[in-house]
Amino acid sequence: MIDTHSHLNFNAFKKDCAQVIGRSFSNGIKAIINVGSDLETSKRAIELADEFENLYAAIGLHPVDTGREVFDFEIYKKMAGNKKAVAIGETGLDYFHVSDPKLIVLQKEVFLSHIKLARELDLPLILHCRGNKQEPYKPYYKMLEILKKEKEIKGVIHCFSADLEIAKNFLELGFYIGFTGVITFAKGFDEIIKELPSDKILTETDCPYLAPALYRGERCESWHVKFVIEKIAQIKNLSFVETEEQTEKNAINLFKLKI
Ligand code: NI
(Lines give C-alpha, C1' and ligand atoms only; values in the text may rest on other atoms or scores of the structure.)
Protein backbone atom coordinates (compact mmCIF):
# COMPACT_ATOMS: atom_id res chain seq x y z
CA MET A 1 0.00 0.00 0.00
CA ILE A 2 1.34 3.39 -0.96
CA ASP A 3 -0.17 6.71 0.05
CA THR A 4 0.88 8.96 -2.82
CA HIS A 5 -0.67 12.11 -1.36
CA SER A 6 -0.63 12.88 2.33
CA HIS A 7 -0.10 15.96 4.45
CA LEU A 8 1.59 14.60 7.57
CA ASN A 9 3.55 17.84 7.25
CA PHE A 10 0.41 19.82 8.22
CA ASN A 11 -0.41 21.16 11.68
CA ALA A 12 -3.11 18.50 12.18
CA PHE A 13 -0.21 16.08 12.78
CA LYS A 14 2.08 18.45 14.63
CA LYS A 15 1.76 16.68 17.95
CA ASP A 16 1.84 13.04 16.88
CA CYS A 17 3.39 12.92 13.45
CA ALA A 18 5.96 10.24 14.37
CA GLN A 19 3.26 8.01 15.88
CA VAL A 20 1.04 8.38 12.82
CA ILE A 21 3.96 7.51 10.55
CA GLY A 22 4.81 4.50 12.74
CA ARG A 23 1.18 3.38 12.80
CA SER A 24 0.98 3.62 9.02
CA PHE A 25 4.13 1.59 8.37
CA SER A 26 3.10 -1.06 10.90
CA ASN A 27 -0.28 -1.33 9.16
CA GLY A 28 1.21 -2.33 5.82
CA ILE A 29 2.02 1.03 4.23
CA LYS A 30 5.20 0.71 2.15
CA ALA A 31 5.72 4.37 1.23
CA ILE A 32 4.18 7.78 1.81
CA ILE A 33 4.57 10.98 -0.16
CA ASN A 34 4.04 14.11 1.91
CA VAL A 35 2.87 16.96 -0.26
CA GLY A 36 3.70 20.59 0.40
CA SER A 37 1.16 23.36 -0.16
CA ASP A 38 3.38 26.37 0.56
CA LEU A 39 6.97 27.14 1.53
CA GLU A 40 6.62 26.10 5.15
CA THR A 41 4.85 22.79 4.52
CA SER A 42 7.18 22.01 1.60
CA LYS A 43 10.17 22.50 3.90
CA ARG A 44 8.52 20.31 6.51
CA ALA A 45 7.86 17.61 3.91
CA ILE A 46 11.58 17.60 3.08
CA GLU A 47 12.53 17.46 6.79
CA LEU A 48 10.25 14.47 7.35
CA ALA A 49 11.60 12.74 4.25
CA ASP A 50 15.14 13.22 5.56
CA GLU A 51 14.13 11.80 8.91
CA PHE A 52 12.08 8.73 7.97
CA GLU A 53 12.76 5.83 5.63
CA ASN A 54 10.21 5.32 2.83
CA LEU A 55 8.80 8.77 3.39
CA TYR A 56 9.10 11.05 0.37
CA ALA A 57 8.33 14.69 -0.36
CA ALA A 58 6.60 16.77 -3.00
CA ILE A 59 7.12 20.50 -2.95
CA GLY A 60 4.89 23.23 -4.30
CA LEU A 61 2.57 26.16 -3.75
CA HIS A 62 -1.10 25.16 -3.73
CA PRO A 63 -3.31 27.16 -6.14
CA VAL A 64 -5.42 28.38 -3.20
CA ASP A 65 -2.29 29.87 -1.61
CA THR A 66 -0.92 31.69 -4.65
CA GLY A 67 -2.49 35.00 -3.55
CA ARG A 68 -0.93 34.70 -0.12
CA GLU A 69 2.62 33.72 -0.94
CA VAL A 70 5.07 34.33 -3.78
CA PHE A 71 6.36 31.27 -5.61
CA ASP A 72 10.12 31.69 -5.41
CA PHE A 73 11.36 29.46 -8.23
CA GLU A 74 14.96 29.27 -7.01
CA ILE A 75 14.07 28.37 -3.42
CA TYR A 76 11.73 25.60 -4.57
CA LYS A 77 14.31 24.43 -7.08
CA LYS A 78 16.88 24.08 -4.32
CA MET A 79 14.43 22.10 -2.17
CA ALA A 80 13.52 19.88 -5.10
CA GLY A 81 17.19 18.95 -5.43
CA ASN A 82 16.85 16.81 -2.31
CA LYS A 83 17.14 13.10 -3.18
CA LYS A 84 13.80 12.32 -1.55
CA ALA A 85 11.87 15.07 -3.32
CA VAL A 86 10.00 12.99 -5.88
CA ALA A 87 7.43 15.42 -7.30
CA ILE A 88 6.47 19.04 -7.86
CA GLY A 89 3.13 20.05 -6.35
CA GLU A 90 0.55 20.30 -5.41
CA THR A 91 -0.11 22.81 -8.09
CA GLY A 92 -2.95 23.53 -10.50
CA LEU A 93 -6.18 25.46 -10.67
CA ASP A 94 -8.84 25.98 -8.03
CA TYR A 95 -11.93 27.97 -8.96
CA PHE A 96 -13.82 26.71 -5.93
CA HIS A 97 -11.89 28.77 -3.39
CA VAL A 98 -10.67 31.45 -5.78
CA SER A 99 -12.95 33.56 -7.99
CA ASP A 100 -11.12 36.89 -8.28
CA PRO A 101 -10.09 37.12 -11.97
CA LYS A 102 -6.70 38.58 -11.05
CA LEU A 103 -5.99 35.70 -8.71
CA ILE A 104 -7.09 33.23 -11.37
CA VAL A 105 -4.53 34.72 -13.75
CA LEU A 106 -1.93 34.46 -11.00
CA GLN A 107 -2.83 30.80 -10.36
CA LYS A 108 -2.15 30.02 -14.00
CA GLU A 109 1.21 31.80 -13.93
CA VAL A 110 2.27 29.94 -10.80
CA PHE A 111 1.06 26.67 -12.34
CA LEU A 112 3.24 27.35 -15.40
CA SER A 113 6.24 27.97 -13.12
CA HIS A 114 5.66 24.59 -11.48
CA ILE A 115 5.55 22.96 -14.91
CA LYS A 116 8.85 24.64 -15.78
CA LEU A 117 10.41 23.43 -12.54
CA ALA A 118 9.14 19.89 -13.07
CA ARG A 119 10.61 19.85 -16.56
CA GLU A 120 13.97 21.26 -15.48
CA LEU A 121 14.33 18.64 -12.77
CA ASP A 122 12.60 15.83 -14.66
CA LEU A 123 10.11 15.30 -11.84
CA PRO A 124 6.42 14.42 -12.11
CA LEU A 125 3.70 16.93 -11.23
CA ILE A 126 1.05 16.46 -8.57
CA LEU A 127 -1.98 18.32 -9.87
CA HIS A 128 -4.85 19.77 -7.90
CA CYS A 129 -8.00 20.82 -9.73
CA ARG A 130 -11.33 22.00 -8.40
CA GLY A 131 -14.18 23.84 -10.04
CA ASN A 132 -17.04 25.78 -8.52
CA LYS A 133 -20.62 24.53 -8.23
CA GLN A 134 -21.80 26.16 -11.44
CA GLU A 135 -18.93 24.94 -13.59
CA PRO A 136 -17.28 22.02 -11.83
CA TYR A 137 -15.24 20.90 -14.85
CA LYS A 138 -14.13 24.27 -16.20
CA PRO A 139 -10.66 24.28 -14.57
CA TYR A 140 -10.12 20.67 -15.69
CA TYR A 141 -10.52 21.70 -19.32
CA LYS A 142 -8.36 24.76 -18.76
CA MET A 143 -5.69 22.57 -17.22
CA LEU A 144 -5.84 20.09 -20.10
CA GLU A 145 -5.48 22.97 -22.55
CA ILE A 146 -2.34 24.14 -20.73
CA LEU A 147 -0.84 20.65 -20.43
CA LYS A 148 -1.45 19.85 -24.10
CA LYS A 149 0.91 22.68 -25.03
CA GLU A 150 3.59 21.44 -22.67
CA LYS A 151 5.87 18.65 -23.81
CA GLU A 152 7.58 15.94 -21.78
CA ILE A 153 5.48 16.44 -18.70
CA LYS A 154 4.18 13.60 -16.56
CA GLY A 155 2.36 13.35 -13.28
CA VAL A 156 -0.89 12.62 -11.53
CA ILE A 157 -4.19 14.43 -11.29
CA HIS A 158 -4.80 13.99 -7.58
CA CYS A 159 -8.17 13.43 -5.90
CA PHE A 160 -9.79 13.06 -9.29
CA SER A 161 -13.36 14.32 -9.23
CA ALA A 162 -14.44 14.91 -12.82
CA ASP A 163 -15.94 12.61 -15.44
CA LEU A 164 -14.67 9.72 -17.55
CA GLU A 165 -14.06 11.86 -20.62
CA ILE A 166 -11.78 14.18 -18.67
CA ALA A 167 -9.99 11.20 -17.11
CA LYS A 168 -9.35 9.82 -20.61
CA ASN A 169 -7.90 13.16 -21.67
CA PHE A 170 -5.41 12.99 -18.80
CA LEU A 171 -4.53 9.40 -19.72
CA GLU A 172 -3.83 10.50 -23.29
CA LEU A 173 -1.32 13.00 -21.94
CA GLY A 174 0.34 10.17 -20.01
CA PHE A 175 -0.97 11.22 -16.62
CA TYR A 176 -2.02 8.94 -13.81
CA ILE A 177 -5.34 9.36 -11.98
CA GLY A 178 -5.31 9.55 -8.17
CA PHE A 179 -8.21 8.49 -5.94
CA THR A 180 -8.84 9.21 -2.24
CA GLY A 181 -11.24 7.91 0.40
CA VAL A 182 -13.97 9.93 -1.31
CA ILE A 183 -14.57 6.94 -3.61
CA THR A 184 -15.72 4.92 -0.59
CA PHE A 185 -18.79 7.10 -0.05
CA ALA A 186 -19.41 9.38 -3.04
CA LYS A 187 -21.39 8.41 -6.12
CA GLY A 188 -20.18 8.36 -9.69
CA PHE A 189 -16.71 6.91 -9.20
CA ASP A 190 -17.50 3.25 -9.92
CA GLU A 191 -18.11 3.81 -13.62
CA ILE A 192 -14.95 5.84 -14.04
CA ILE A 193 -12.70 3.44 -12.14
CA LYS A 194 -14.15 0.46 -13.99
CA GLU A 195 -13.07 1.98 -17.31
CA LEU A 196 -9.60 3.13 -16.30
CA PRO A 197 -6.59 0.91 -16.95
CA SER A 198 -5.31 -0.53 -13.66
CA ASP A 199 -1.77 0.54 -14.44
CA LYS A 200 -2.78 4.21 -14.45
CA ILE A 201 -4.43 4.42 -11.04
CA LEU A 202 -2.74 5.82 -7.94
CA THR A 203 -4.00 5.47 -4.38
CA GLU A 204 -3.89 8.32 -1.89
CA THR A 205 -5.53 9.70 1.24
CA ASP A 206 -5.01 13.49 1.18
CA CYS A 207 -4.90 13.09 4.97
CA PRO A 208 -5.78 14.80 7.33
CA TYR A 209 -8.70 15.42 4.95
CA LEU A 210 -11.09 13.08 3.14
CA ALA A 211 -11.30 10.17 5.56
CA PRO A 212 -12.97 7.07 4.05
CA ALA A 213 -16.56 6.06 4.85
CA LEU A 214 -15.75 4.24 8.11
CA TYR A 215 -13.91 7.23 9.55
CA ARG A 216 -15.84 10.06 7.96
CA GLY A 217 -15.55 13.31 9.87
CA GLU A 218 -12.44 12.10 11.69
CA ARG A 219 -8.83 12.92 10.97
CA CYS A 220 -7.66 10.77 8.10
CA GLU A 221 -4.31 8.93 8.33
CA SER A 222 -2.11 7.34 5.68
CA TRP A 223 -3.03 3.76 6.51
CA HIS A 224 -6.67 4.57 5.57
CA VAL A 225 -5.46 4.14 1.99
CA LYS A 226 -6.30 0.47 2.46
CA PHE A 227 -10.00 1.37 2.12
CA VAL A 228 -9.26 3.08 -1.19
CA ILE A 229 -7.48 -0.05 -2.45
CA GLU A 230 -10.33 -2.22 -1.18
CA LYS A 231 -12.89 -0.13 -3.06
CA ILE A 232 -10.90 -0.14 -6.31
CA ALA A 233 -10.48 -3.93 -6.00
CA GLN A 234 -14.22 -4.34 -5.51
CA ILE A 235 -15.10 -2.11 -8.49
CA LYS A 236 -12.60 -3.81 -10.79
CA ASN A 237 -13.42 -7.28 -9.54
CA LEU A 238 -9.83 -7.94 -8.53
CA SER A 239 -8.37 -9.25 -5.29
CA PHE A 240 -7.07 -6.83 -2.69
CA VAL A 241 -3.52 -8.13 -3.17
CA GLU A 242 -3.64 -7.76 -6.96
CA THR A 243 -4.87 -4.18 -6.61
CA GLU A 244 -2.35 -3.41 -3.89
CA GLU A 245 0.56 -4.74 -5.97
CA GLN A 246 -0.55 -2.96 -9.13
CA THR A 247 -1.07 0.42 -7.48
CA GLU A 248 2.27 0.10 -5.67
CA LYS A 249 3.94 -0.59 -8.99
CA ASN A 250 2.25 2.47 -10.50
CA ALA A 251 3.46 4.77 -7.73
CA ILE A 252 6.99 3.34 -7.90
CA ASN A 253 7.04 3.87 -11.67
CA LEU A 254 5.83 7.44 -11.66
CA PHE A 255 7.75 8.73 -8.65
CA LYS A 256 10.78 6.44 -9.05
CA LEU A 257 10.48 5.41 -5.41
CA LYS A 258 13.34 3.31 -4.05
CA ILE A 259 11.54 0.98 -1.69
NI1 NI B 1 -3.64 17.69 -0.88
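Presented here is a report on the structure given in the accompanying data block. Here the residue numbering is sequential within each chain, running from 1 through the sequence in written order. Residue-level local features of this predicted model are given only where pLDDT is at least 70; pairs of side-chain atoms are given and counted only at 80 or more, and the full residue set underlies all totals for whole chains, interfaces and linings. Calculated side-chain values reflect all of the structure's heavy atoms, with hydrogen atoms and water omitted.

### Thoughts on the environment of Pro124
Spelled out, the test is: Only runs of H or I of at least four residues qualify as helices and only runs of E of at least two qualify as strands under DSSP, and these elements are numbered from the N terminus. Each residue gets one of three labels from its accessible area relative to the maximum for its type: buried under 20%, exposed over 50%, partly exposed in between, using a 1.4 Å probe on protein chains only. Throughout, a contact is declared for two residues whenever any of their heavy atoms are within 4.5 Å.
Turning to its location among the elements, Pro124 is positioned in the loop between helix H4 (101-121) and strand E5 (125-130). Note on Pro124: relative accessible area 2%, which makes it buried. Separated by 29 residues in sequence, Pro124 and Tyr95 place their C-alpha atoms 23 Å apart. If sequence neighbours within four positions are ignored, Pro124 has contacts with Val86, Ala87, Ile88, Lys154, Gly155, Leu254 and Phe255.

### A few points about the packing of helix H2 (residues 39-51) against helix H3 (residues 73-80)
Relative orientation and spacing of two packed helices are given, respectively, by the angle between their axes and the distance between those axes. For clarity, the threshold we go by: The angle between two axes is taken between their N-to-C directions and runs from 0 to 180 degrees, where each axis is a line fitted to C-alpha atoms and a helix contributes only its stretch in contact. Angles are sorted into four bins: roughly parallel if under 35 degrees, roughly antiparallel if over 145, roughly perpendicular if 65 to 115, and oblique for all others. Here is the rule for handedness: rotate from the far helix to the near one, and if that takes an anticlockwise turn smaller than a right angle the crossing is left-handed, while a clockwise turn gives right-handed. Classes in brief: Ala, Val, Leu, Ile, Met, Phe, Trp, Tyr, Cys and Pro nonpolar; Asp, Glu, Lys and Arg charged; the others, Gly included, polar.
The interhelical angle for the contact between H2 and H3, taken along N-to-C directions, is 15°, at an axis separation of 11 Å. By the angle between their axes, H2 is roughly parallel relative to H3. The handedness of the crossing between H2 and H3 comes out as left-handed. Across the interface between the two elements, Leu39, Ser42, Lys43 and Ile46 of H2 pack against Ile75, Tyr76 and Met79 of H3. Class assignment for the residues of the contact of H2 with H3 results in 5 nonpolar, 1 polar and 1 charged.

### Things to note about empty space enclosed by the protein
Here the idea is plain: a probe the size of a water molecule rolls over the atoms and shows the empty space left. How we decide: Think of a 1 Å grid over the protein atoms and nothing else: a 1.4 Å probe that fits but is trapped marks a cavity, an open set flanked by protein within 12 Å on at least five of seven lines marks a pocket, and residues with an atom within 4 Å of a point count as lining. Grid points are joined across faces, edges and corners, and a volume is the space filled by probe spheres set on the points.
On inspection of all chains with the given rule, the structure shows 1 cavity of 30 Å³ or more. Its boundaries defined by the atoms lining it, the largest cavity holds a volume of some 50 Å³. Taken together, Ser198, Ile201, Ile232, Lys236, Leu238, Glu242, Thr243, Gln246 and Thr247 make up the lining of the largest cavity. Every element with two or more residues in the lining of the largest cavity is listed here: helix H8 (225-236) and helix H9 (240-255). Considering every element that reaches the lining of the largest cavity, the biggest residue donor is H9, with 4 residues. Across the lining of the largest cavity, the residue classes tally to 3 nonpolar, 4 polar and 2 charged.

### Section: the packing of aromatic side chains
So the rule is basically this: Pairs were defined over the aromatic rings of Phe, Tyr and Trp, the Trp ring being its six-membered one, requiring ring centres within 6.5 Å. Orientation was assigned from the angle between planes: stacked under 30 degrees, edge-to-face over 60, tilted for the rest. Only Lys NZ and Arg CZ are tested; either one counts as a charge over a ring when it is within 6 Å of the ring centre and within 35 degrees of the ring normal.
This structure, assessed with the given rule, holds 12 aromatic pairs. Ring centres of Tyr137 and Tyr140 lie 6.5 Å apart, and the angle between their planes is 85°; on these two criteria the pair is classed as edge-to-face. An aromatic cluster is built from Tyr137, Tyr140, Phe160, Phe170, Phe175, Phe179 and Phe189, whose rings are joined through pairwise contacts. The ring centre of Phe96 lies 3.5 Å from the NZ or CZ of Arg130, which sits over that ring. Lying over the aromatic face of Phe185, Arg216 brings its terminal NZ or CZ to 3.7 Å of the ring centre.

### What to know about unusual backbone geometry
The omega angle of the peptide bond from Gly89 to Glu90 is 15°, so this bond is cis rather than trans. Along the chain, Glu90 falls in strand E4 (residues 85-94). Across the junction of Cys207 and Pro208, the peptide omega takes the value 15°, indicating a cis bond. Considering the arrangement of structural elements, one finds Pro208 in the loop between strand E8 (201-203) and H8. Positive phi values are uncommon outside glycine, yet Asp122 reaches one of about 55°. Residue Asp206 is not a glycine yet carries a positive backbone phi of 60°.

### Observations concerning the coordination of the nickel ion
Heads up, the rule is: Metal donors: N, O and S atoms at distances within 2.8 Å, or within 3.2 Å for Na, K and Ca, with water omitted from the atom set so that some sites may seem incomplete. Irregular is the default label, applied whenever a site is not tetrahedral (four donors, all angles between 85 and 135 degrees) and neither square planar nor octahedral (four or six donors, opposite donors over 155 degrees apart, all other angles between 65 and 115).
The protein atoms donating to the nickel ion are His5 (NE2), His7 (NE2), Glu90 (OE) and Asp206 (OD), with metal-donor distances spanning 2.2 to 2.3 Å. What the 4 donor atoms of the nickel ion show is an angle range of 82 to 171° at the metal, which sorts the shape as irregular. Every donor residue of the nickel ion comes from the same chain, spaced as H-x1-H-x82-E-x115-D. With His5 in strand E1 (residues 2-6) and Asp206 in the loop between E8 and H8, the pair connects residues that are 201 residues apart, well separated along the chain. Accessibility assignment for this pair places His5 and Asp206 in one class, buried.

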